[in-house]
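# Tertiary structure, described
Next come the chains, spelled out residue by residue.
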Amino acid sequence: MEDVLVLKDYKTVPDIVHEYEPTLKFGHIPLVIDNGSYQCRVGWSINDEPNLIFKNLIARPRKDRCKKDAEPPVTPPIQIGNDIINIEAVRFQLKTQFDKNVVTHFEVQEQVCDYIFSHLGIDNEGCVPHPIVMTEAFVTPNYSRQLMSELLFEAYGVPAVSYGVDSLFSMYKNDIGDSALIVNCGYHTIHIIPVIRGKVIAEHARRINLGGSEIICYLHKLLQLKYPVHVNAITMSRIEEILHEHSSIALDYQEEIKKWANLDYYEANVKRIQLPFVQSTSSSGLTAEQQKERKKEMARRLLEINARKREERLAEDEEQLNQLLAIQDLIEDGDTDEFNEAIKGFDIKSYEDLQRQISNLTMRIEKNRQRIAAAANAEEMPEPKPSGRFQPPSDPEAFQIWLNDTRAKYREVVQRREARRARRAAMLRRRTAAAAERMRVISHLAAAGDDFGTRDSDWDVYKSISREADSDSEADGERLVELEEALREYEPQQPSNQHHQLHLAIEPFRAPELMFQPSMMGNLEAGLAETMEYVFKHFSPEDQLLLANNVFLTGGCSQFPGLKGRLERELLEMRPFQSTHKVIIAKNPSLDAWYGARDFAGSNEFENWCITKEEYYEMGGEYLKEHHASNKYYKSPAPIVDNTLAPAGDANVVKEEIVVDC
């Protein structure tokens, strides 16, 4: 029995409102927010785990126009995070505060912050009296940080805030040393960040504008194109589940494709995913023989109905023909007035028109009589017995052997037909081996003289160059029809649940391969391995060795099975002969950024790295206190004043009079 995987269709559980304990309320405990573009993780710095983990999304459901304005709405006006119970129902109303991995929509960010503080139970009136550690994207623009600081200090009255890069927090949490090549595989982007002796080399870091969201959309399109009848059942949520639980990265993608081209390998390794379906209740419970007899009875009734209609149509045509012949007799007898009066009722304009209608009716009557006679002969003929060539044995074991043999023969004929068609297509192209061989034989025949065709061996030469010989063989065509009829009649019918299954073959490998080959989806950027090689070239051989011996993977997409082995293989190819390399995966790629920020907030020097409200007012919202896990602060340049326009009374201005002819 084949193993069929069932989709779990995970449902979110609404977050509870946590208790705001006195130790939190009066203890000045820092609050840690890992503001990721896929998930937001929030918790107190004294806790081991985050209190809230939810998708960074909000939904604005459409107003129910069937309800009156006086009645309360059934759904809340805005749903945030885990409060979105059925995400597919509001898929087109979803919004996020991110553009790629940078916060740009701060009206949405404010609603997310309201959700965070309310579910943590913070009930202080007018402010949030806790310092905040918040993660931000690598090289976040000053403008985005300025608006975030403005939101936290002005709207929520926080006493202090510190910003850090999530991937750097994750690196220091895993304690892998002070030199590493960080590969942060996120939801929208992949960052490659070199760190040498504790210093982030930002000028040689690179970003690939591709991440988990693009992989999900790509796999969604692949499966919808493969199964167009299940478009509505293949939802984005189910694609996420398939990607998280059944996808992996191939060690060698081209070799993986060749494996799946083998039918035996496909049957042994394909993953069958069962989609939800409703079992049909209209089945009659009849056996196969009873269903066959029922079909025969319905066919017989249909033949009787058609025969009755033909007889009625024949009787009508014969009656109309007799009337037209009677009118023809009038003109032959010389009764012109009666003839003109009679043809008015038959829409006949002249004697020639009458002759034409009589001829048409006569031909139609003859055809109907021939059809009736043919149908009568077909009923009298005995039912043809099935040929013994494809008659299955009655023994169950022998029947299964016969069925497998018939399937193999069918595949063999199909493969021969496809091979002939491929050869014919190759001969139509000029620069192919088949076309070159055909031209060689033709040139040889041209030099042979006019006696070609007199020998029996000439027939083989003719077949090798004749395009007509490459057409589908009549014998193979007839055999294919016979095999199809035998399989259609005797092959067991698939259960209805098999009609609602997804067969995952190369797709779970093809979608994550975008990380290494973005061109598969039309993205012109370099892949992960190529970008890493480009980053290595900016460093000396000694620093390259430091980076290659500590390649650190973090972020949600780094959890794909096979990514570590693939990167080790790519490093082996790009690095010098016999040089060493090492790839390390974060202990918890999704949560290590929050854990690192929590440890940072609990350190003794945390207050020295915080921006206070006074410093915010003095230095501006873009100000950032640098630390080991932060971005580097670059003050925004002063606005450029355009002094190129001369004053109206300036003597240096040259006045030129323009005359326009009207």
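The structure presented is a predicted model; accordingly, all values stated were derived computationally and were not measured.

### So, a positive patch on the surface
A surface patch of like charges, here positive, comprises Lys 309, Arg 313, Lys 367 and Arg 371. Those elements that provide at least two residues to the positive patch are helix 9 (288-333) and helix 11 (351-380). Judged by its relative accessible area of 49%, Arg 371 falls in the partly exposed class.

### As for the packing of helix 2 (residues 106-119) against helix 3 (residues 142-155)
For any two helices packed against each other, the geometry is given by the interaxial angle and the distance between the axes. In contact at an axis separation of 11 Å, helix 2 and helix 3 are set at 40° when each is read in the N-to-C sense. Taken together, the axis directions place helix 2 and helix 3 in an arrangement best described as oblique. The two elements helix 2 and helix 3 cross, and the hand of that crossing is right-handed. For the pair formed by helix 2 and helix 3, the contact residues are Phe 106, Gln 109, Glu 110 and Cys 113 on the first element and Ser 144, Leu 147, Met 148 and Leu 151 on the second. For the contact of helix 2 with helix 3, the class distribution of residues is five nonpolar, two polar and one charged.

### Regarding the sheet that holds strand 1 (residues 4-6)
Reading across the sheet, the three strands line up as 1-16-17 and stay open at both edges, with mixed pairing between neighbours. Each edge of the open sheet is held by one strand with a lone partner, namely strand 1 and strand 17 (501-504). Shown here is a sheet whose adjacent strand axes are inclined to one another by a mean of 35°, direction ignored. With four bridges connecting them, strand 16 (residues 271-274) and strand 17 associate as antiparallel partners. Bridged to Ile 273 within strand 17 is Leu 502.

### Overview of helix 3
In this model helix 3 runs 19 Å from its N-terminal to its C-terminal C-alpha over 14 residues, within 8% of the 20 Å that 1.5 Å per residue would give. Here helix 3 has its buried residues at Asn 142, Ser 144, Arg 145, Met 148, Ser 149, Leu 151, Leu 152 and Phe 153. Following helix 3 by one or two positions, Gly 157 adopts a phi angle in the positive range, close to 60°.

### Some details on the nonpolar core
Judged by nonpolar contacts, the single largest core of 49 residues is most densely connected at Met 515, Leu 528 and Met 532. Beyond its immediate sequence surroundings of up to four residues, Met 515 is in contact with Cys 185, Ile 190, Leu 210, Ile 215, Ile 249, Gly 527, Leu 528, Cys 557, Phe 560 and Leu 563. Listed in part, the 39 residues of the second largest apolar core include Ile 116, Phe 117, Met 134 and Leu 151.

### As for the pairing of strand 13 (residues 190-196)
In terms of residue burial, strand 13 counts as a mostly covered element, since seven of its seven residues are buried. With burial as the criterion, each face of strand 13 is covered, one bearing Ile 190, Ile 192, Pro 194 and Ile 196 and the other bearing His 191, Ile 193 and Val 195. Pairing between strand 12 (residues 180-185) and strand 13: six bridges, direction antiparallel. Following the sheet pairing, Val 183 is matched in strand 13 by Ile 192. Following strand 12, the chain reverses through four residues before pairing antiparallel with strand 13.

### Focus: helix 4 (residues 166-174)
Buried residues of helix 4: Ser 167, Leu 168, Phe 169, Ser 170, Met 171 and Asn 174, and no others. Positioned one or two residues after helix 4, Asp 175 has a phi angle of 55°, which is positive.

### Here's the deal with the pattern of salt bridges
Summed over the entire model, instances satisfying the criterion amount to 27 salt bridges. Close ionic contact of Glu 297 with Arg 300 constitutes a salt bridge, the shortest N to O distance being 2.2 Å. Of the two residues, Glu 297 and Arg 300 are both situated in helix 9; the distance of three residues between them amounts to about one turn of the helix. You can call Glu 297 partly exposed: its relative accessible area is 29%. The exposure class assigned to Arg 300 is partly exposed, which follows from its relative accessible area of 38%. A salt bridge links Glu 570 to Arg 566; the shortest N-O distance between them is 3.0 Å. In this pair, Glu 570 and Arg 566 both sit in helix 19 (residues 563-574), four residues apart, roughly one turn of the helix. Each member of the pair, Glu 570 together with Arg 566, is buried. Residues joined by salt bridges that share partners form a network here, namely Glu 297, Arg 300, Arg 301 and Glu 304.

### What about the side chain of Lys 625?
Looking at the element boundaries, Lys 625 is found in the segment after helix 21 (613-619). A distance of 3.2 Å separates a polar atom in the side chain of Lys 625 from the backbone oxygen of Cys 610. Polar side-chain contacts of Lys 625 include one of 2.9 Å to the side chain of Glu 615. Among residues more than four places away in sequence, those in contact with Lys 625 are Asn 608, Trp 609, Cys 610, Ile 611, Glu 615 and Ser 630.

Cut-offs and rules
Residues numbered from 1 in each chain as written. Predicted model: local features only at pLDDT ≥ 70, side-chain atom pairs only at ≥ 80, totals over all residues. Heavy atoms only, no water. Patch = residues over 30% accessible without salt bridge, like charges linked within 9 Å, V, L, I, M, F, W, Y side chains within 5 Å. Areas by Shrake-Rupley, 256 points an atom, 1.4 Å probe, with all protein chains shown as cover. Salt bridge = Lys/Arg side-chain N within 4 Å of Asp/Glu carboxyl O. Lys, Arg positive; Asp, Glu negative; His and termini not counted. Charge placed at Lys NZ, Arg CZ, Asp CG, Glu CD. Helix = DSSP H or I, 4+ residues; strand = E, 2+ residues; numbered from the N terminus. Buried < 20%, exposed > 50% of the residue type's maximum accessible area, 1.4 Å probe, protein only. Axes fitted to C-alpha atoms, helices over the stretch in contact; angles between N-to-C directions. Parallel < 35°, antiparallel > 145°, perpendicular 65-115°, else oblique. Left-handed = near helix turned anticlockwise from the far one by under 90°. Contact = heavy atoms within 4.5 Å. Nonpolar A, V, L, I, M, F, W, Y, C, P; charged D, E, K, R; others polar. Pairing = 2+ DSSP bridges. Expected span 1.5 Å × (residues − 1). Core = buried A, V, L, I, M, F, W, Y, C linked by side-chain atoms within 4.5 Å. Polar contact = N/O pair within 3.5 Å; in protein donor to acceptor, adjacent residues only side chain to side chain.

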